[in-house]
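Listed below are the residues making up each chain.
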Amino acid sequence: MCGILALFGLQKADALRKDAVDAVKLLRHRGPDWSGMYCEGSTIVAHERLAIVDPDSGDQPLYNEDHSVVLGVNGEIYNHLELREKLEERAPGKHTFYTKSDCEILLRLYLEDGPDFLSKNEVCGMFAFVLWDSKKNFYIAARDTIGIIPLYMGWAAHGAVCFASELKALHGMCNRYEAFPPGHVYNSATDERKLFYTPRWFDASIVPTTQITLAALREAFEKSVISHLMSDVPYGVLLSGGLDSSLVASIMSRHCQRRVETDGKDPAYWPQLHSFSVGLQGSPDLKAAREVSKYLKTVHHEYHFTPQQGLDALSDVIFHLETFDVTTIRASTPMYLMARRIRASGVKMVLSGEGADEIFGGYLYFHKAPNAEEFHGENVRKMKQLHLYDCLRANKAMMAWGVEARVPFLDRRFMETALSFDTRQKMCVDEAGAKRVEKWILRKAFDLPGERAYLPHDVLFRQKEQFSDGVGYSWIDSIKDFAEKKITDQQMKTAESRFPLKTPRTKEAYMYRDLFAQHFGENTCAAETVGWQDSIACSSEVALKWDKAFQGRADASGRCVLGVHESAYGTDYSTAAQNSGGSADGAAASAAKRARTA
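What you are looking at is a predicted structure, and each value in this text was computed from that prediction instead of being measured.

A. Quick peek at the overall build of the chain. Helix and strand content of the chain: 23 helices and 17 strands. The globule rule puts the C-alpha radius of gyration for 598 residues at 25 Å, and the 23 Å found for the chain is close to it. Each of the three principal axes of the chain carries a C-alpha extent, and together these read 70 × 60 × 45 Å. Long-range pairs, those at least 24 residues apart, make up 69% of the contacts in the chain between residues at least 6 apart in sequence.

B. Geometry of the sheet that holds strand β15 (residues 299-304). In space, the five strands of this open sheet follow the order β15-β14-β13-β16-β17, with parallel pairing throughout. Each edge of the open sheet carries a strand with a single partner, namely β15 and β17 (404-406). Taking each pair of neighbouring strands and ignoring which way they run, the sheet shows an average axis angle of 30°. The pairing of strand β13 (residues 235-238) with strand β14 (residues 274-279) spans three bridges and is parallel.

C. Here's a closer look at the nonpolar core. Of all hydrophobic cores here, the largest spans 76 residues; its most connected members are Phe 163, Ile 359, Phe 360 and Leu 410. Ranked by residues supplied to this core, first place goes to helix α7 (residues 243-255) with six residues. One finds Leu 238, Tyr 336, Met 398 and Val 530 within the second-largest nonpolar core, a separate group that totals 72 residues.

D. Geometry of a negative patch on the surface. Judged by side-chain charge, Glu 85, Glu 88, Glu 89 and Asp 263 come together as a negatively charged surface patch. Topologically, Glu 85 is positioned in helix α2 (residues 80-90).

E. Structural context of the environment of Met 230. The topology assignment puts Met 230 in the loop between α6 (214-227) and β13. Classification of Met 230 by relative accessible area gives buried; the value is 4%. Along the primary structure Met 230 and Ile 52 are separated by 178 residues, whereas in three dimensions their C-alpha atoms are 8.7 Å apart. Leave out the neighbours within four places in its chain, and Met 230 touches Val 53, Glu 76, Ile 77, Tyr 78, His 80, Asp 102, Val 260, Glu 261, Met 349 and Arg 406.

F. How the structure looks around α7. The first and last C-alpha atoms of α7 sit 19 Å apart over 13 residues, in line with the 18 Å expected at 1.5 Å per residue. Among the 13 residues in α7, eleven count as buried, and that is most of the element. Those residues of α7 that sit buried are Leu 243, Asp 244, Ser 245, Ser 246, Leu 247, Val 248, Ala 249, Ser 250, Ile 251, Met 252 and Ser 253.

G. Region of interest: the packing of aromatic side chains. For the structure shown, the criterion picks out 33 aromatic pairs. Seen in terms of ring centroids, Tyr 139 and Tyr 186 are 5.9 Å apart; in terms of plane orientation they differ by 40°. Their pairing is tilted. Taken together, the residues Tyr 139 in strand β7 (residues 138-143) and Tyr 186 in strand β11 (residues 184-187) connect sequence positions 47 residues apart. We note that Tyr 139, like Tyr 186, is buried. Measuring from centroid to centroid gives 4.0 Å for Phe 221 and Phe 409, while their planes differ by 20°, and the two rings are stacked. A residue pair is termed long-range when its members are at least 10 positions apart, and Phe 221 in helix α6 and Phe 409 in the loop between β17 and α14 (412-418) qualify at 188 residues. Using a relative accessible area of 0% as the deciding quantity, one classes Phe 409 as buried. Connected via pairs of aromatic rings, a cluster forms that spans Phe 8, Trp 132, Tyr 139, Phe 163, Phe 180 and Tyr 186. Here the guanidinium or amino end of Arg 84 rests over the ring plane of Phe 97, the centre of that ring lying 3.9 Å away. For Lys 426, the ring lying beneath its charged end belongs to Phe 360, and the centroid distance is 5.7 Å.

H. Quick peek at the side chain of Asp 514. Relative to the helices and strands, Asp 514 resides in helix α21 (residues 507-520). Excluding anything up to four places from it in sequence, Asp 514 contacts Arg 498 and Phe 499.

I. Looking closely at the packing of helix α10 (residues 326-344) against helix α13 (residues 390-399). It is the contact of α10 with α13, at a shortest axis distance of 8 Å, that shows an interaxial angle of 35°. Crossing handedness for the pair α10 and α13: right-handed. Contact with α10, carried on its side by Thr 328, Ala 331, Ser 332, Met 335, Tyr 336, Ala 339 and Ile 342, involves Leu 392, Arg 393, Ala 394, Ala 397 and Met 398 of α13 and no other residues of that element. Counted by class, the contact of α10 with α13 contains nine nonpolar, two polar and one charged residues.

J. Representation of the sheet that holds strand β2 (residues 34-40) within the structure. Read across the sheet, six strands follow the order β2-β3-β1-β9-β8-β10 without closing on themselves; strand pairing throughout is antiparallel. Each edge of the sheet is formed by a strand with only one pairing partner; in this case those strands are β2 and β10 (176-179). Pairs of neighbouring strands in the sheet enclose a mean axial angle of 10°, with direction left out of account. Relative to strand β3 (residues 43-49), strand β1 (residues 2-8) runs antiparallel, the two being bridged by six bridges. Within the sheet, the bridge partner assigned to Leu 7 lies in β3 and is Ile 44.

K. Main features of the pattern of salt bridges. What the rule picks out here adds up to 44 salt bridges. One salt bridge connects Glu 166 with Arg 30, and the closest N-O pair in it is separated by 3.0 Å. Of this pair, Glu 166 sits in the loop between β9 (161-164) and α5 (168-171) while Arg 30 sits in the loop between α1 (17-25) and β2, and the two are 136 residues apart along the sequence. Classification of Glu 166 by relative accessible area gives buried; the value is 0%. For Arg 30, a relative accessible area of 0% puts it in the buried group. Salt bridges here are not isolated pairs; linked through shared partners, they connect Arg 30, Glu 166, Lys 168, Glu 322 and Lys 396.

L. Quick peek at the packing of helix α9 (residues 307-321) against α10. At a closest axis distance of 9 Å, the pairing of α9 and α10 adopts a crossing angle of 105°. Judged by the angle between their axes, α9 and α10 are roughly perpendicular. Here Gln 309, Gly 310, Ala 313, Leu 314, Asp 316, Val 317, Ile 318, His 320 and Leu 321 of α9 come into contact with α10, specifically with Thr 328, Ile 329, Ser 332, Thr 333, Tyr 336 and Leu 337. When the residues that make up the contact of α9 with α10 are grouped by side-chain class, the tally is eight nonpolar, six polar and one charged.

Here is what the cut-offs are and how they apply
- Residues numbered from 1 in each chain as written.
- Predicted model: local features only at pLDDT ≥ 70, side-chain atom pairs only at ≥ 80, totals over all residues.
- Heavy atoms only, no water.
- Helix = DSSP H or I, 4+ residues; strand = E, 2+ residues; numbered from the N terminus.
- Rg over C-alpha atoms; globule rule 2.2 N^0.38 Å.
- Contact = heavy atoms within 4.5 Å.
- Pairing = 2+ DSSP bridges.
- Axes fitted to C-alpha atoms, helices over the stretch in contact; angles between N-to-C directions.
- Core = buried A, V, L, I, M, F, W, Y, C linked by side-chain atoms within 4.5 Å.
- Buried < 20%, exposed > 50% of the residue type's maximum accessible area, 1.4 Å probe, protein only.
- Patch = residues over 30% accessible without salt bridge, like charges linked within 9 Å, V, L, I, M, F, W, Y side chains within 5 Å.
- Areas by Shrake-Rupley, 256 points an atom, 1.4 Å probe, with all protein chains shown as cover.
- Salt bridge = Lys/Arg side-chain N within 4 Å of Asp/Glu carboxyl O.
- Lys, Arg positive; Asp, Glu negative; His and termini not counted.
- Charge placed at Lys NZ, Arg CZ, Asp CG, Glu CD.
- Expected span 1.5 Å × (residues − 1).
- Phe/Tyr/Trp six-rings, centres within 6.5 Å; stacked < 30°, edge-to-face > 60°.
- Lys NZ or Arg CZ within 6 Å of the ring centre and 35° of its normal.
- Left-handed = near helix turned anticlockwise from the far one by under 90°.
- Nonpolar A, V, L, I, M, F, W, Y, C, P; charged D, E, K, R; others polar.
- Parallel < 35°, antiparallel > 145°, perpendicular 65-115°, else oblique.

Honestly, it's all geometry; don't read function into it.
Encoded structure:
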């Protein structure tokens with residue numbers, strides 16, 4: 001994981017070298033280990049490296065033999081060894097690899113297959129990259145299918161087309177910029193962006209009906225986690241004590257003793273698994289994480305924070321996250337604080353459980369899904385929005401302190417499996433209509449007896465707790481109380497005049513928007529990159545129409561789902577919807593008209 005900045009179409013690259021150096025410094029938290037830059041002719045490609053794989057020789061940018069092709073990558077290619085073998089079979093002796101970097105395979109695939117190489121090869125990983133071919137005088141840029149890795153594209157007054165891992169590097173340089181769409185590749189020769197790969201599950205109207213066995217699902221996820229263990233530096237796992245992170249930790253604990261790079265032939269450099277959790281004193285997550293750690297025998301690190309420490313960090317969190325979305329900031333703040341402690345421990349990479357709730361319908365509002373079609377449609381909508389919310393949070397909150405977060409639930413091959421089996425197996429009711437726990441199929445896949453058990457039964461069937469709730473309920477309550485005192489009623493009356501774009505409807509939202517404006521301007525194109533929709537317990541806007549009980553309760557907390565969450569807010573709780581400012585059912589009606597999944 002790293003930070004990249006690229007400028008194309010310059011009149012003279014040398015004249016803007018200092019500007020590029022200054023801009024890429026804003027990304028150095030993403031790559032504190034080394035800096036590299038290509039600056040020739042009309043092009044600059046700058047790279048700030050976080051060394052995880054091949055720290056000795058994998059510096060970037062990467063080049064071909066005569067340095068006519070330049071590659072800057074932010075990410076990890078988990079099947080790079082497999083792709084190398086297949087390339088050698090297709091072109092024996094043609095390609096020489098000069099590093100052990102997992103990213104060099106992208107350069108070699110381009111040289112072999114041309115600019116459409118992502119469509120011709122099954123590249124499994126999380127990535128954003130730019131590639132410059134000086135002989136052909138063109139460049140390409142691409143971002144992984146889910147958008148695990150951030151990428152922004154901008155246009156400067158002097159005519160340059162610019163790319164960066166975070167918008168802060170473009171904000172002072174470009175007149176306009178936008179988030180680069182996930183799953184797309186841009187080709188400067190045709191000046192178009194197109195999908196390089198269309199997953200089977202992308203069309204939400206096609207509801208899968210083929211059933212999967214528990215063993216097949218278990219095996220698919222175990223393979224994904226193992227593939228994510230490639231590392232030449234110390235690594236660990238984020239452990240909240242919930243189902244998703246606990247499953248990741250359990251599988252890691254079974255395989256961390258041997259190096260995955262040699263198919264287990266060699267002992268691992270760091271065979272003892274370290275786990276990390278964060279929360280307020282006495283929070284639900286801390287207690288559950290301790291239980292899981294004891295069961296798995298991990299070296300456990302438990303970090304505490306106070307509400308005041310979280311409030312003090314809000315401005316920095318918003319600067320690094322580049323968002324004012326309420327849900328994201330609530331959850332990102334504890335994660336941001338934890339990342340700093342993780343880095344201090346010497347760990348540079350962690351695995352995390354993001355994506356499971358979107359794939360399996362794990363959020364509590366999924367209990368209200370009326371049928372399989374609505375359930376699967378929401379799965380797909382949530383998957384396509386991950387780059388705006390959970391992926392943005394996991395990546396930027398951790399990378400603020402130079403820690404890479406990997407997300408095995410969002411592995412390309414696992415998603416093809418997990419989003420292509422019978423949706424009815426995921427639903428919160430069985431075939432007879434009886435209620436069952438959310439993510440039932442995932443829990444049952446890992447519910448094995450005796451010595452084969454992955455987790456204690458009470459952990460395996462623990463109710464979903466959103467991260468911003470699980471770190472301690474008083475965290476969210478403290479934010480709301482602080483915002484109530486900080487933001488005046490008069491400010492709320494004029495909110496729409498000050499912020500006509502994505503107007504904040506609550507004092508908490510206004511506070512975040514005000515802090516965002518201090519960093520990135522009042523109503524600049526930065527605000528256009530931020531995800532913004534009405535939501536209950538992390539739902540899409542469309543799902544608000546599932547239940548009348550959602551009316552007036554459009555808040556991100558899982559405690560808003562009355563009758564499902566064990567500690568739900570009472571019936572008298574209400575809040576303004578984020579996007580519309582009205583009730584949640586009114587928001588759902590308008591959202592249903594404009595909803596799209598493509």
